[in-house]
Amino acid sequence: NFIVERLDLSVGKQRIPWGAADTLNPTDVLNPLDLSDPLDFGRKSASVAVSLAYALPVLDGSLQLVYEPWSPIARLNPLLLQQLSDALYAQILASCAGDSTSGWTSETVTVPGYDLSNWLVGARFAASVLGFDLSVSYVNRLDDLPTVTSADFATDPGYTLTDRSYSLGYYREHVIGFDIVKDLG
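Basis of the calculations
- Residues numbered from 1 in each chain as written.
- Predicted model: local features only at pLDDT ≥ 70, side-chain atom pairs only at ≥ 80, totals over all residues.
- Heavy atoms only, no water.
- Helix = DSSP H or I, 4+ residues; strand = E, 2+ residues; numbered from the N terminus.
- Buried < 20%, exposed > 50% of the residue type's maximum accessible area, 1.4 Å probe, protein only.
- Contact = heavy atoms within 4.5 Å.
- Areas by Shrake-Rupley, 256 points an atom, 1.4 Å probe, with all protein chains shown as cover.
- Pairing = 2+ DSSP bridges.
- Axes fitted to C-alpha atoms, helices over the stretch in contact; angles between N-to-C directions.
- Salt bridge = Lys/Arg side-chain N within 4 Å of Asp/Glu carboxyl O.
- Core = buried A, V, L, I, M, F, W, Y, C linked by side-chain atoms within 4.5 Å.
- Phe/Tyr/Trp six-rings, centres within 6.5 Å; stacked < 30°, edge-to-face > 60°.
- Lys NZ or Arg CZ within 6 Å of the ring centre and 35° of its normal.

A. Broad picture of the overall build of the protein. Per the secondary structure count, the protein includes one helix and 10 strands. When the helices and strands of the protein are placed in sequence order, the string is β-β-β-α-β-β-β-β-β-β-β. Taken across its 185 residues, the protein has 36% of its residues classed as buried. At a minimum sequence separation of 6, the contacts of the protein that also span at least 24 residues come to 67%. Carbon and sulfur atoms make up 60% of the accessible area of the protein, which totals about 11000 Å².

See the structure below:
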């Protein structure tokens, strides 16, 4: 009951429920993945956000708007980064005669800064119809998983690999989600 009846406001570091499903929820793109433990797949982290939700008097529904001043990124497991490094190295080595390097000379991850240009905004409509919970959402954000933005390598005149480096970065995306859930008891 913030300002008007049925309007809720929450501000701060929070884990925002997004989508109709409870456990496996592919439409939950607000909360960044926490892949630090490979045995706990699907764990999410909290993020700093402003959430404004209005409970509709019909269809047991709601409208929700979310703003995050910066898009949070996933926590990655070192094994995932090693797999990425190995895959990049195999592609680079395939184009060279040999390798005289002892490892990556530079592994750079360009993390989005805490500035207002890296914002996230989302809107969601949820309702319950004939025992089915449904949700439709839209989010504009930076993807929480990195992509390879560049891979550089140097060779000597005999095409032997002498130096290698790569950079990871994040890109802006628009995500439209729809999910429907039925509790079978």
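Back to the text.
B. The environment of leucine 130, seen in detail. With respect to the helices and strands, leucine 130 occurs in the loop between strand S6 (120-129) and strand S7 (132-142). Relative accessible area serves as the criterion here: at 78%, leucine 130 is assigned to the exposed category. Each C-alpha atom of the pair leucine 130 and lysine 182 lies 9.4 Å from the other, and the pair is 52 residues apart in sequence.

C. Just the sheet that holds strand S3 (residues 62-68), in detail. Ordered in space as S1-S2-S3-S6-S7-S10, the six strands form an open sheet in which the pairing is antiparallel. In this open sheet, the two edge strands, each paired with only one partner strand, are strand S1 (7-14) and strand S10 (172-182). For this sheet, the mean angle separating the axes of adjacent strands, direction not counted, is 15 degrees. In this structure, S3 lies alongside S6, joined through seven bridges in antiparallel fashion. Residue leucine 63 lies in a different strand from S6, and its bridge partner there is phenylalanine 125.

D. Quick peek at the pattern of salt bridges. Using the criterion set out here, one finds four salt bridges in the structure. One salt bridge connects aspartate 28 with arginine 15, and the closest N-O pair in it is separated by 3.2 Å. Placement of aspartate 28 in the loop between S1 and strand S2 (47-55) and of arginine 15 in the loop between S1 and S2 is noted, with a sequence separation of 13 residues between them. According to the relative accessible area criterion, aspartate 28 is buried, its value standing at 5%. Its relative accessible area of 44% is what places arginine 15 among the partly exposed residues. A single network of salt bridges, built from pairs that share partners, joins Arg141, Asp143, Asp144 and Glu173.

E. Just unusual backbone geometry, in detail. You will see that arginine 6, though not glycine, has its phi angle at about 75 degrees, which is positive. Its identity is not glycine, yet aspartate 60 carries a phi of approximately 45 degrees, on the positive side. Within the fold, aspartate 60 resides in the loop between S2 and S3.

F. Structural detail: the nonpolar core. Counting residues in hydrophobic clusters, the biggest one holds nine residues: Ile16, Trp18, Val29, Leu30, Ala49, Val66, Leu120, Val139 and Val175. In this structure, valine 139 is in contact with Trp18, Val29, Leu30, Leu120, Val121, Gly122, Glu173, His174 and Val175, ignoring residues within four places of it in sequence.

G. Spatial organisation of the packing of aromatic side chains. Counted according to the given criterion, the structure contains zero aromatic pairs. Of note, arginine 172 hangs over the ring of tryptophan 119, and the distance from its end group to the ring centre comes to 4.2 Å. Residue placement shows lysine 182 over the ring face of phenylalanine 132; its charged tip is 5.4 Å from the ring centre.

H. Quick peek at the pairing of S2. Across eight bridges, S1 lies against S2 in antiparallel orientation. By the bridge assignment, leucine 7 is partnered in S2 with tyrosine 54. Examined bridge by bridge, S2 and S3 share six bridges and lie antiparallel to one another. What sits directly across from alanine 55, in S3, is serine 62.

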